[in-house]
Amino acid sequence: MAMKFSTNELMAVTAARMLEDGQNIVVGLGLPQIATLLAKNTHAPNLNIIYEIGVINPESVDAGVGIADPRLWYKGEYFTSFIGSLGQILQRGLVDVGFLGGLQIDKYGNINSTLIRNGNDIKHFTGSGGAADIATFAKKTFIIMKHEKRKIVDAVDFITTVGYLRGGNSRSDQGMPMCSDMRVITNLCVFNFNNEERVLQLESIHAGVTGQDIWNNTGVHVSIPAEVKTTDEPTDEEIYMLRNKIDPERLYI
Amino acid sequence: MRNLIRKLNEVVSEIPDGSQIALGGFAITRNPVAFVNELIRQGKKGLEVYEIIGGMDADLLVGAGCVKTYSYGGGSLDRFGKIDRINEAIEKGLVDVREYSGLSISLRFLAGSLGIPYIPTKTILGTDVLDNLAKKDSAIRVEASPFTGERVVLLEALQPEYSVIHAPFADTKGNVIIEGPVWDVELAKSAKKLIVTVDKIISNEYVKQHPGKVVIPGVYTYAVVEVPYGAYPTSVYKAYDYDGELLSSYAKVNKTQEEFNKFVQQYILGTSDHYGFIDKVRGLDKLSRIQADPVYGYTKS
């Protein structure tokens, strides 16, 4: 009998398995960071982890409140500027995977982290930071987010970060570098965009989640194939690592 | 040799209303808080403020009504909260706010530091960030590359009249030492006048023995101002930690203009210098509890 696991643990493990050894990853705080550290401590020891603030391969021992927290810089291998990280590494084309969160995402994978509209009123949030830059230049973009009807929508209120723009070839028509793979890992399922129209489609559903659950919680129509794959479950080793080494204070899992 | 060492109130007093000022802070680390508080005390108006990632510094300035335009690449107080004086200024159209991405605004400073007129990039193509900027910011255009014909965003170089950064150390010749990441180094090098507030002025002899630690040489520096704990309540790596309790309470205060005004009245306008601010807002004894551990670079509990 395998260990029981939480949904956040399943999300972290699912995301971690998408990373390959030796890749260069730009990563934000929270579950993306947990997933990246899990991969580095299991099948991908040679990942290079880059924080946009200009820190490479730190080995934090205390949890931080954001990438501006020195707790996240401990035992870094290299300190640089935004130009050094987002310019000379990311824009230069050396980043394999950009790992982001988001306020809202649409059916073409465009992400909003700027504002929410309510009639003529807006509510303003964080804005881009490095997110727009990361999704422009990373060869692959992975998103981890909570699955809610108002968060996965037909069209975002503001395109902070481009996924596949308006689908098809519209991203490259704008002159943007191609994104070869985009995944959205939620608490219910995994989406990808690997079809001609570059529109959100189910890759797998987490065990115990029904098609009706997906429909009830998604603000855009998703078709549910009869033989949709169930997301692979975490191994005991992965859960052990998460709880004892990666996030012992259980801040994210 | 011109004396670079200045007093905070004097160097701030020479900055005219309406000046361009780039700030070096990033969310909750190395914000030039002492400098910004002095701008507020002296009642500066109409400032054109630039910053890569917004933090408490710009939020204070915008909330205090000192700012006409604010250009930035996004920002927050990390998990403590949001920069809600800036968010509300955007929501109500109170200030002309121009939102970039982190890289696109950094490239404007890089171009300024290189002395070139503009710089091309592909970042922010396709975004509403670009659409919004194109409507109101003459510093941004989309053109075809003369070499390949592909679409590129052209960003005008920025050499702000003043850049203000906070660093742990500089010597009397303006050589600046910063430990940790240096997101603000191009912003510093692009300025017509670079003002560096430091926790401590050190000797040129120390710099001569450790030239590899200098991230901004004195050729760029206009003024060095010694303000111990000048970034408080934000952190300086290897010197002192952020004050999480104060940042948490500020993230509540900044939700409404009324509460924010009371904060400014009591702790900034109601004090005459940065020690006065720290003493009134938290008590000077707090400083002994946020000293950085020399190995970890923050307060190790």
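All of the points below concern the structure found in this document. (Residues numbered from 1 in each chain as written. Chains lettered and ligands numbered in written order. Predicted model: local features only at pLDDT ≥ 70, side-chain atom pairs only at ≥ 80, totals over all residues. Heavy atoms only, no water.)

**Notes on the overall build of chain B**
Argument step 1. Regarding its fold elements, chain B presents eleven helices and 13 strands.
Argument step 2. Relative to the compact-globule value of 19 Å for 301 residues, chain B shows a C-alpha radius of gyration of 19 Å, a close match.
Argument step 3. Principal axes of the C-alpha set define a box for chain B whose edges measure 60 × 50 × 40 Å.
Argument step 4. Going through the 301 residues of chain B one by one, you find that 62% of them count as buried.
Argument step 5. Partitioning the contacts of chain B with sequence separation of at least 6, the portion at a separation of at least 24 is 73%.
Argument step 6. For chain B, the computed accessible surface area is about 11,200 Å², with 50% contributed by carbon and sulfur atoms.
Argument step 7. If you average the places of the 35 positive and of the 37 negative side-chain charges in chain B, the two averages end up 1 Å apart. (Helix = DSSP H or I, 4+ residues; strand = E, 2+ residues; numbered from the N terminus. Rg over C-alpha atoms; globule rule 2.2 N^0.38 Å. Buried < 20%, exposed > 50% of the residue type's maximum accessible area, 1.4 Å probe, protein only. Contact = heavy atoms within 4.5 Å. Areas by Shrake-Rupley, 256 points an atom, 1.4 Å probe, with all protein chains shown as cover. Lys, Arg positive; Asp, Glu negative; His and termini not counted. Charge placed at Lys NZ, Arg CZ, Asp CG, Glu CD.)

**Let's talk about helix 11 (residues 274-281) of chain B**
All names here are of chain B.
Argument step 1. Considered for burial, the residues of helix 11 that qualify are His 274, Phe 277, Ile 278 and Val 281. Down the axis of helix 11, the smallest arc covering the buried residues is 95°, so these residues share one side.
Argument step 2. Turning to helix 11, the residues buried within the fold contact helix 2 (33-41), helix 9 (244-253) and helix 10 (257-268).
Argument step 3. The distance from a side-chain oxygen at the start of helix 11 to the backbone nitrogen of Tyr 275 is 3.4 Å, and the residue carrying that oxygen is Asp 273. (Arc of directions from axis to C-beta. Polar contact = N/O pair within 3.5 Å; in protein donor to acceptor, adjacent residues only side chain to side chain.)

**Structural notes on unusual backbone geometry**
Argument step 1. That bond from Tyr232(B) to Pro233(B) is cis: its omega, 10°, falls within 30 degrees of zero.
Argument step 2. Residue placement: Pro233(B) occurs in the loop between strand 13 (221-226) and helix 9.
Argument step 3. The phi dihedral of Arg250(A) is positive, around 55°, even though this residue is not glycine.
Argument step 4. As for its position among the elements, Arg250(A) is in the segment after helix 7 (236-246).
Argument step 5. Even without glycine at this site, Lys238(B) takes up a positive phi of about 70°.

**Structural notes on the interface of chain A and chain B**
Argument step 1. Contacts between the two partners involve 50 residues from chain A and, on the opposite side, 54 residues from chain B.
Argument step 2. Summing the contributions of chain A and of chain B, the shared interface buries around 4,100 Å²; its carbon and sulfur component is 60%.
Argument step 3. Sorting the residues of chain A by area buried against chain B places Val65(A), Ile83(A) and His124(A) first, and these three jointly supply 16% of that buried surface.
Argument step 4. Linking chain A to chain B there are two salt bridges.
Argument step 5. Between Asp62(A) and Lys300(B) there is a salt bridge, with the nearest N and O atoms lying 2.6 Å from each other.
Argument step 6. The tally of links between chain A and chain B comes to 25 residue pairs in polar contact (both at pLDDT 80 or more).
Argument step 7. For the side of chain A that touches chain B, the secondary-structure elements that each account for two or more residues are helix 3 (82-91), strand 9 (121-124) and helix 4 (131-137) of chain A.
Argument step 8. By residue number, the principal contributor to the side of chain A that touches chain B is helix 3 of chain A, which donates five residues.
Argument step 9. A breakdown of the residues in the side of chain A that touches chain B according to their chemical character gives 25 nonpolar, 19 polar and six charged. (Buried area = accessible area lost by both parts, 1.4 Å probe. Salt bridge = Lys/Arg side-chain N within 4 Å of Asp/Glu carboxyl O. Nonpolar A, V, L, I, M, F, W, Y, C, P; charged D, E, K, R; others polar.)

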